[in-house]
Amino acid sequence: MNRIKEILEEKGIKQTWLAEKLGKSYNMVNGYVQNRQQPRLQILFEIAEILEVKPQDLLKDKE
C-alpha cells in the first residue's frame, strides 16, 4: 500500500502534474494513487524525489 494520494493532497498537487513529471500516463499514475497497482521501486524513488519526501514516507503497512 502507498500514501501517494495522501501526499498529493497534503501538498495540493494534481495527479496530472505528477504524471507529466514522471513521464507516465495519467491512468498509470491514477492506478498508483488509488492503490490498484504499485509502482516499481525505481518509480517509487522518482515519485519521492519529485514530491520532495523520503521514499519511506510514501509507504504504509497493509491495513
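Residues numbered from 1 in each chain as written. Predicted model: local features only at pLDDT ≥ 70, side-chain atom pairs only at ≥ 80, totals over all residues. Heavy atoms only, no water.

The chain is annotated in an unreviewed UniProt entry as Helix-turn-helix transcriptional regulator from Phaeocystidibacter marisrubri.

Enquirer: I keep staring at the overall build of the chain and nothing clicks. Help me out?
Expert: Counting its regular elements, the chain contains four helices and zero strands. For the chain, the sequential pattern of α-helices and β-strands runs α-α-α-α. Scaling as 2.2 N^0.38, a compact globule of 63 residues should have a C-alpha radius of gyration of about 11 Å, and the chain matches this with 10 Å. Each principal axis of the C-alpha distribution contributes one length, and for the chain these read about 30 × 20 × 20 Å. Residues counted as buried form 37% of the 63 residues belonging to the chain. Taken as a whole, the chain presents about 4300 Å² of accessible surface, with 46% of it coming from carbon and sulfur. Across the chain, 11 positive and 10 negative side-chain charges occur, with their mean positions spaced 4 Å apart. (Helix = DSSP H or I, 4+ residues; strand = E, 2+ residues; numbered from the N terminus. Rg over C-alpha atoms; globule rule 2.2 N^0.38 Å. Buried < 20%, exposed > 50% of the residue type's maximum accessible area, 1.4 Å probe, protein only. Areas by Shrake-Rupley, 256 points an atom, 1.4 Å probe, with all protein chains shown as cover. Lys, Arg positive; Asp, Glu negative; His and termini not counted. Charge placed at Lys NZ, Arg CZ, Asp CG, Glu CD.)

Enquirer: How should the pattern of salt bridges be read in this particular structure?
Expert: Oppositely charged side chains can pair when the atoms bearing their charge come close. Under the definition given, this model contains three salt bridges. Between glutamate 10 and arginine 3 there is a salt bridge; the shortest N-O distance is 3.4 Å. Taking the relative accessible area as the measure of exposure, glutamate 10 reaches 59% and is therefore exposed. By sharing partners, the salt bridges in this structure join Arg3, Glu6, Glu10 and Lys60 into a single network. (Salt bridge = Lys/Arg side-chain N within 4 Å of Asp/Glu carboxyl O.)

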